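Chain by chain, the residues run as shown.
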Amino acid sequence: MPEVTEPYQPGTPCWIDVVASDQVAALDFYAKVLGWEGSPGPPETGGYALCTLKGKPVAGIMSAEAMGDQPAPPPVWTTYFASADADATLQAITRNGGTTFTPAVEVMNLGRMLVAADPTGAVFGVWEAREFPGAGIANEPGALIWNELNTTDIEAAAAFYAAALGLETAPMEGAEDYFSLSVTGRPVGGMRPLGAAAPSEAASHWLVYFAVADTDATAAKVAEAGGTVCKEPFDMVAGRMAVVQDSQGASFAVIAPKPMSA
């Protein structure tokens, strides 16, 4: 169902956010393209903007200025995975060849989080929920629908996510060189090798997909709002999709999914 009412099982993508050099401009971009509402948050949260759709939280946008003396990360979307125990997950990450950039830190009374990278270099987050469970709406236009790992080493990534987050990898039927990532048998994401045609500087990364009603119209909105259409709308096994960048260079995909079979 589009509205999320059950707690996220450990290993399931539960939240996404992006760091923007111009937070207000980013809020304006996603309002125009995906229909989100949001504004800079209070000082105690570093101004973190909680974006909503139909009154439900869908994503966060952080100002790069809030990073203080630390160098601002690049404009990328970060996928956060649910965890029942962030400290235990941190230990599993390091034990299995991952790198942690932060310890598990308290986010007021909302939960605990950390940011890490898998052995192939893909950055991701971990969220141990307390009062904030994560995205309150998914799988409908304007909301997150899929999280995909693009990696330089399928075998290494599969072994890592199985050991660190409990994700099971299996070839996806009908999609060549594509793998599903599942929690207790339910697909929660995908994985594919970085293509041979990818730029030499391309690194392993997580790509977020947002559901839309009309991929072509959304791609046009992206361009009108100052973003870039990196891969024009095309038809694929799951629907019609496009890969785009927002006005500050953060990449994401949009997809009008094919109707689910009964």
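Preceding block: the structure.
Since the model is a prediction, treat every value here as computed from it, not as a measurement.

**With respect to the overall build of the protein**
Within the protein, the regular secondary structure consists of four helices and 16 strands. Whereas a compact globule of 262 residues would reach a radius of gyration of roughly 18 Å, the protein reaches 17 Å, a difference of no more than 12%. Summarising its shape, the C-alpha atoms of the protein cover approximately 45 × 45 × 40 Å along the three principal directions. The burial tally for the protein puts 47% of its 262 residues in the buried class. Taken as a whole, the protein presents about 12500 Å² of accessible surface, with 56% of it coming from carbon and sulfur.

**Some words on the nonpolar core**
One finds Y30, W36, V58, I61, W77, F210 and F252 to be the most contacted residues of the largest nonpolar core, which totals 31 residues. For this core, the secondary-structure elements that each account for two or more residues are strand 1 (13–20), helix 1 (23–34), strand 2 (49–53), strand 3 (56–63), strand 13 (205–211), strand 15 (239–245) and strand 16 (251–257). When residues of this core are assigned to their parent elements, the largest contribution, six residues, is made by helix 1. Residue contacts for F252: discarding those within four places in its chain leaves F29, Y30, W77, L207, V208, F210, A242, V243, V244, Q245 and D246. Core analysis: the second largest hydrophobic core is formed by 25 residues, F160, V188, M191 and W206 among them.

**Thoughts on the pairing of strand 9 (residues 144–151)**
Of all eight residues making up strand 9, seven are buried, and the element is well covered by its neighbours. Here six bridges tie strand 9 to strand 13, and the two strands are oriented antiparallel to one another. In the sheet register, L149 faces strand 13, and the bridge partner there is W206. When strand 9 meets strand 12 (residues 186–193), the two strands line up parallel, connected through four bridges. Looking at the pairing, T151 lines up with P193 of strand 12.

**Focus on the environment of G11**
Relative to the elements of secondary structure, G11 occurs in the segment before strand 1. Taking the C-alpha atoms as reference, G11 lies 34 Å from A223; in sequence the two are 212 residues apart. Excluding its chain neighbours within four sequence positions, the residues that come into contact with G11 are F81, A82, L165, L167, V183 and V188.

**Focus: the environment of Q23**
Here Q23 is to be found in helix 1. As a C-alpha pair, Q23 and I61 span 38 residues in sequence and 6.8 Å in three-dimensional space. The residues contacting Q23, other than those within four sequence positions of it, are P40, G47, Y48, A49, I61, M62 and S63. A distance of 2.8 Å separates the side chain of Q23 from the backbone oxygen of G47, its partner in a polar contact.

**A few points about the sheet that holds strand 11 (residues 179–183)**
The strand order across the open sheet formed by eight strands is 10-11-12-9-13-16-15-14, and the pairing between neighbours is mixed. Two strands lie at the open edges of the sheet, namely strand 10 (168–171) and strand 14 (228–236), each paired on one side alone. The average angle at which neighbouring strand axes cross in this sheet is 30°, direction not considered. Docked against the sheet, helix 4 (residues 215–224) engages strand 14, strand 15 and strand 16, running at close to 10° with respect to strand 15.

Analysis parameters
Residues numbered from 1 in each chain as written. Predicted model: local features only at pLDDT ≥ 70, side-chain atom pairs only at ≥ 80, totals over all residues. Heavy atoms only, no water. Helix = DSSP H or I, 4+ residues; strand = E, 2+ residues; numbered from the N terminus. Rg over C-alpha atoms; globule rule 2.2 N^0.38 Å. Buried < 20%, exposed > 50% of the residue type's maximum accessible area, 1.4 Å probe, protein only. Areas by Shrake-Rupley, 256 points an atom, 1.4 Å probe, with all protein chains shown as cover. Core = buried A, V, L, I, M, F, W, Y, C linked by side-chain atoms within 4.5 Å. Contact = heavy atoms within 4.5 Å. Pairing = 2+ DSSP bridges. Polar contact = N/O pair within 3.5 Å; in protein donor to acceptor, adjacent residues only side chain to side chain. Axes fitted to C-alpha atoms, helices over the stretch in contact; angles between N-to-C directions.

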